[in-house]
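Notes for the structure review
So you can see what is in the structure, the chains are spelled out below.
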Amino acid sequence: MINLSRTGTRMPVQAPEVRTDNFQEVAEGFTEEMAVREALRCLQCREHPCMTEGCPVSNHIPEFIKKITEGEYEEAYQILLQTTVLPAVCGRVCPKYLQCEGNCVRGGKGRPVAIGALERFVADLHRKRVQAGEIEEIPGSVAAVSSASEEQAAAGSKKVAVIGSGPAGLACAKDLASAGYAVTIFDREQVPGGVLAYGIPSFRLPDEVLAFEIDSLKAAGVTFEGGKELGKDISIDSLMKEQGFSAVFLGNGTGRPMGLGIPGSDLEGVCSAADFLDRLNAAGGDEAALKQVLPGEGTVLIIGGGNVAMDACRSAVRCPGVEKVAVVYRRSVKEMPADPAEVAEATEEGIEFIYLTAPLEVLGEGGRVTGLKCQKMELSDPDESGRRKPIPVEGSEFVIPASVVVEAIGSRSENDGLDGVELSQDKGLVVVDPETLSTSRAGVYAGGDTVTGPKTVIAAMGAGRKAAGEIDKYLRG
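Residues numbered from 1 in each chain as written. Predicted model: local features only at pLDDT ≥ 70, side-chain atom pairs only at ≥ 80, totals over all residues. Heavy atoms only, no water.

Section: the sheet that holds strand β13 (residues 404-407)
Reading across from one edge, β6-β13-β7-β8-β9 is the order of the 5 strands in this open sheet, with parallel pairing throughout. Looking at strand neighbours, the two that pair on one side only are β6 (270-272) and β9 (352-354), the edges of this open sheet. Across the sheet, the mean angle from the axis of one strand to that of its neighbour is 25°, orientation sign disregarded. Two elements, strand β8 (residues 322-328) and β9, share 3 bridges in a ladder whose sense is parallel. Following the sheet pairing, A326 is matched in β9 by E352. (Pairing = 2+ DSSP bridges. Helix = DSSP H or I, 4+ residues; strand = E, 2+ residues; numbered from the N terminus. Axes fitted to C-alpha atoms, helices over the stretch in contact; angles between N-to-C directions.)

Here it is as structure tokens:
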């Protein structure tokens, strides 16, 4: 007899041989029976480290799980909305193994409680009930200004601009709107969501899930203005001096891809993972458009070992004309920063991993990619931080034939138009007071990737919520 208290309930997924032929969501979600059974595994422990140590936005995890065991699914959803603006998104894409589930007491002697799957369950159920007309309330709506207190009404006379519609900007906007401020989110793209909309493939995060949660902010009075690029269409000066915004939150992320900087990087057939995923999401399910998202067919090499590399390789294997996909990473699997679950699913999908290998040169003929010259690496002893540095192995050069090379080695901040805001000299990130997230310019705050460099969705949301609280204090004097 299986001891469910130790093994937990596994979410059903599409079989590998099926899912590589489509872009539908891989994980199929819990049924009600599965959700209740898994929720009953929660120990409701007194310290709840899943919440206090594992969750950057301090979701009331034991409380919402308890409601699931009682069959009170809508109440569970409303509990989540007290601290998060994107429960259906976070339930899917957060690195739970490092955060809530990584701190679950149950995980000490078996599988941790599947907190992310339970969060997804109640959020998806809420969405389906709204779409079926069972619930009239707009999903995930926050407090409307019209029903605010006198203090909130006073706040409503002040305008706050949020730059960037990614996780940090959305979370900040939600809390400020709840406090009664008139909030406008500016983004260079027309479709809001930032990296959620343009950087995560639909088999991990379906478009309708993100759109549904963003709609709740629109219903609460948050205004979205797309096609407004910082440093080109708007600036901090124009927002504060000309358009009358009393405060600005910078949540514009790190949207500038980093390149390999090796010979041959300019050949046709080389692209960044960000550009590839952007084109992929724009193509949707159109087969003709999907054939254009990669600059070539045949063998695709992905350079990098993070979650973006996993999204890129798993997307590439689903594209028409691709015969083989391999990931090239200069360290070993132990040092790989990607979510182990993503690596496992990529392996199931037939993607090859070439470890301890560094690219030296992109090879080509007639201006097009034909291969990647590489060198084998070995790892040094751990340094003071515990990290092992890759060291080239002399005389170990070899060539991997390829027609496409996708660079997934990180991104940098795009911080043009930041009048009077200090940036770090090494990475161009926004410098803030760590306690208040205030910048060097009065009334301007920042959080998320534009401050820390690329991190997780939930970490950016935590920064957005913290900044909202500090902006509220600032505007109330």
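Read on for the rest.
Some words on the pairing of strand β7 (residues 298-303)
β7 sits mainly inside the fold: 6 of its 6 residues count as buried. Where β7 lies against β8, 6 bridges are found, and the strand directions are parallel. Opposite I302, over in β8, you have V327 as the bridge partner. Handedness of the β7-helix α16 (residues 307-316)-β8 crossover: right-handed. Looking at chain direction, β7 and β13 are connected through 4 bridges and run parallel. Considered in β13, the bridge of V300 is made with V404. (Buried < 20%, exposed > 50% of the residue type's maximum accessible area, 1.4 Å probe, protein only. Right-handed = clockwise from strand over helix to strand, strands pointing away.)

As for the pattern of salt bridges
Tallying each qualifying case throughout the model produces 27 salt bridges. The salt bridge partner of E349 is R314, with a shortest N-O separation of 2.7 Å. A residue pair is termed long-range when its members are at least 10 positions apart, and E349 in the loop between α17 (340-348) and β9 and R314 in helix α16 qualify at 35 residues. Residue E349 shares its accessibility class with R314, and that shared class is buried. Classification of E349 by relative accessible area gives buried; the value is 7%. Residues joined by salt bridges that share partners form a network here, namely R19, R204, D311, R314, R318, E342, E345, E348 and E349. (Salt bridge = Lys/Arg side-chain N within 4 Å of Asp/Glu carboxyl O.)

Looking at helix α19 (residues 457-475)
Between its first and last C-alpha atoms α19 spans 27 Å; for 19 residues at 1.5 Å apiece the expected length is 27 Å, and the two agree. By the burial criterion, the buried members of α19 are V457, I458, A460, M461, G462, A463, G464, A467, A468, E470, I471 and L475. Buried-residue contacts for α19 involve α7 (87-93), β1 (159-163), α10 (167-178), α11 (195-198), β4 (247-250) and β15 (444-446). Within two residues after α19, G477 carries a phi angle of roughly 80°, on the positive side. (Expected span 1.5 Å × (residues − 1). Contact = heavy atoms within 4.5 Å.)

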